Each structure stands twice: as structure tokens, then as C-alpha cells.
Amino acid sequence: MNTHFDLGPILSGDYGKQILHGIEMTLQLTVFTWLLALAIALALVTIRLSGSVIAGRLVAAYVSYHRNVPTLVQLMLWYFAIPTVLPPELQSWLADFGAEFIFAMIALGLCEAAFFSEDLRSGLRAIPTGQMEASRALGLGYIRSIVYVIMPQAIRNCLPSLINHTVTLFKNTSLAMAIGLAELTYATREVENYTYRTFESYLVATVVYLFFSLTLMGAGALIARHFSAENAR
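Residues numbered from 1 in each chain as written. Predicted model: local features only at pLDDT ≥ 70, side-chain atom pairs only at ≥ 80, totals over all residues. Heavy atoms only, no water.

### Remarks on helix α2 (residues 13-49)
With 37 residues, α2 extends 54 Å between its outermost C-alpha atoms, agreeing within 8% with the 54 Å of an ideal straight helix rising 1.5 Å per residue. Taken from the residues just after α2, glycine 51 is the one with a positive phi, measuring 90°. (Helix = DSSP H or I, 4+ residues; strand = E, 2+ residues; numbered from the N terminus. Expected span 1.5 Å × (residues − 1).)

Quick look at the structure:
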């Protein structure tokens, strides 16, 4: 049993490389999932703005499901249950390409899209209705009005909550450990199992998560300040 504090075995050699690989995998999963979630959220908000009652109810059901079912359950559903109904050829392709990463990205992306869409919807509520009418009067179609006039303003309005959910997404990537994805938490557990340095291993993971979470929050604050300065001009 190790009784003295020593980060050397954790940060050097193969164990250090394993931690770095875990950080890289966590950042990759965060970026790709964020892009997927934002794209889906924009589509959901656009559908809601279309005015269709049926489409609006379907989107509301989608949001309700993903906001009320634990993210870990959704992740395990996608990784363990969904492949059982896929064709064998597709299952084989996913296994070769990296099923853990793909299903983690899909599950987390679909889940976070629900939160992102609600953030965007809140931002849209703060936009005067005359903005859409003015853009249509200038000759822009419905989709172009949404993309070029409405959405940029909505994103500015909801930026603080969007940043908060981005940080949540970054932290939720640790749940991918449950399906065997070698992200930071998974790598930390593996290193701890081999070195028996529990405190040092999880201290490193804690510091890394804290660093990137605070960095995201700081970047979001700078962006919000930039937009505020532009609006004040």
C-alpha cells in the first residue's frame, strides 16, 4: 500500500500517455457531440417555429423524453439495445469503426440537443415578433429569415445557458466509461487499478475536469461580453 504522495507514476511513462489519450478522447467526444447537439437543436427549434401543431407536439415529446430519462440510461440503451435491431453488416462496421465513440456521441448528442433547443427557444422569446415580419418583407424566405436574422439573435440571448449546458456536456462525457470508451474517467480508473495510487489518479482527473470546465466558462463569459459590447455601440 502506498502511503506517500507521488504524482510521478501517474504522469510519466505509459500511464501518463494513457491519461493524455483519455483527455484527447474526452475533448474529441465533447466537440463532435456539441456539433451534433447544436445541429439537432436548431432543427428542433425551426420545426417548432413552423407553426405545425403536430410537429410542435412531437418536438415537445422529444424534449420531454430526453430531459426526464437519465443520460446514463439513454447511453446504455443506444450501446446495448439499439445494435440488437441493426443488420449484422452494420453491427460489424460499427465494431470496426468504434461503436463506443459513435453511440456515445449519438446518445449524448440527442440528449443535449433537447436542452440546447430549450435554450434557443428561450432566446427566441426575447426577440420582437417584428423581426420575422421585417425579414420577410425584405424578401427573405422562412428558412433564410430563421438562419440569417432570427437564430443569430436567439443565440446571443441564450448564450449564458448555452455555455452552462456545454459545460454539462463536457462533464457528461465521463458517463461513456460505462460502455467502455477510453475517455478520461475510464483511463483514470485503469491507471488507478494498475498503480494502486487512488488519490493521485483521481486528483489528476479532478484537476483536468476543473481546468477545462473553468476554461469553457471563461470563454463563454468573454464571448458574452463581446456581444454585449457590440450591442451597446
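### Quick look at unusual backbone geometry
Of note in the backbone geometry, tyrosine 196 takes a positive phi value of approximately 60° without being a glycine. Along the chain, tyrosine 196 turns up in the loop between α10 (184-195) and α11 (198-232).

### Structural notes on a nonpolar patch on the surface
On the surface, Phe5, Phe199, Leu203 and Val207 cluster together into a nonpolar patch covering about 400 Å² of accessible area. Structurally, valine 207 can be placed in helix α11. (Patch = residues over 30% accessible without salt bridge, like charges linked within 9 Å, V, L, I, M, F, W, Y side chains within 5 Å. Areas by Shrake-Rupley, 256 points an atom, 1.4 Å probe, with all protein chains shown as cover. Salt bridge = Lys/Arg side-chain N within 4 Å of Asp/Glu carboxyl O.)

### Let's talk about the side chain of threonine 185
Inspection of the secondary structure assignment puts threonine 185 in helix α10. Ignoring sequence-local partners within four residues, the contact set of threonine 185 consists of Ser174, Met177 and Tyr209. (Contact = heavy atoms within 4.5 Å.)

### So, helix α4 (residues 71-81)
Every buried residue of α4 is listed here: Thr71, Gln74, Leu75 and Tyr79. Axial view of α4: buried residues confined to an arc of 120°, hence all on one face. Packed against the buried residues of α4 are α3 (53-68), α6 (99-125) and α9 (159-172). (Buried < 20%, exposed > 50% of the residue type's maximum accessible area, 1.4 Å probe, protein only. Arc of directions from axis to C-beta.)

### A closer look at the environment of aspartate 14
Structurally, the position occupied by aspartate 14 is in helix α2. The spatial distance from the C-alpha of aspartate 14 to the C-alpha of threonine 30 is 24 Å, given a sequence separation of 16 residues.

### Quick look at the environment of glycine 130
Turning to its location among the elements, glycine 130 is positioned in helix α7 (residues 130-137). Residue glycine 130 is classed as partly exposed on the basis of its relative accessible area of 33%. Residues glycine 130 and arginine 197 lie 67 residues apart in sequence; the distance between their C-alpha atoms is 61 Å.

### Some points on the packing of helix α5 (residues 88-97) against α6
Interhelical geometry of α5 versus α6 gives an angle of 100° and a closest axis separation of 6 Å. Looking at the two axes, α5 sits roughly perpendicular to α6. Side by side, α5 and α6 meet where Trp93, Leu94, Ala95 and Phe97 of the first sit next to Ala99, Ile102 and Phe103 of the second. (Axes fitted to C-alpha atoms, helices over the stretch in contact; angles between N-to-C directions. Parallel < 35°, antiparallel > 145°, perpendicular 65-115°, else oblique.)

### Structural notes on the pattern of salt bridges
Per the counting criterion, the structure on display carries 4 salt bridges. Residues arginine 67 and glutamate 118 are paired through a salt bridge, measuring 3.6 Å at the closest nitrogen-oxygen approach. You can see arginine 67 sitting in helix α3 and its partner glutamate 118 sitting in helix α6, a full 51 residues away along the chain. Residue classification places arginine 67 among the partly exposed positions, given a relative accessible area of 44%. Between glutamate 200 and arginine 197 there is a salt bridge whose closest N-O contact spans 3.2 Å. Among the charged side chains, a network of salt bridges with common partners joins Arg48, Arg67, Glu118 and Arg121.

### A look at the nonpolar core
In terms of nonpolar packing, the biggest core is built from 23 residues, with Ile40, Tyr62, Phe116, Leu124 and Ile150 touching the most fellow members. Those elements that place two or more of their residues in this core are α2, α3, α6 and α8 (142-157). Apart from the residues lying within four places of it in its own chain, the contact partners of tyrosine 62 are Ile40, Leu44, Leu110, Ala113 and Ala114. Formed by 17 residues, the second largest nonpolar core is a distinct cluster that contains Ile102, Met105, Leu108 and Ala176. (Core = buried A, V, L, I, M, F, W, Y, C linked by side-chain atoms within 4.5 Å.)

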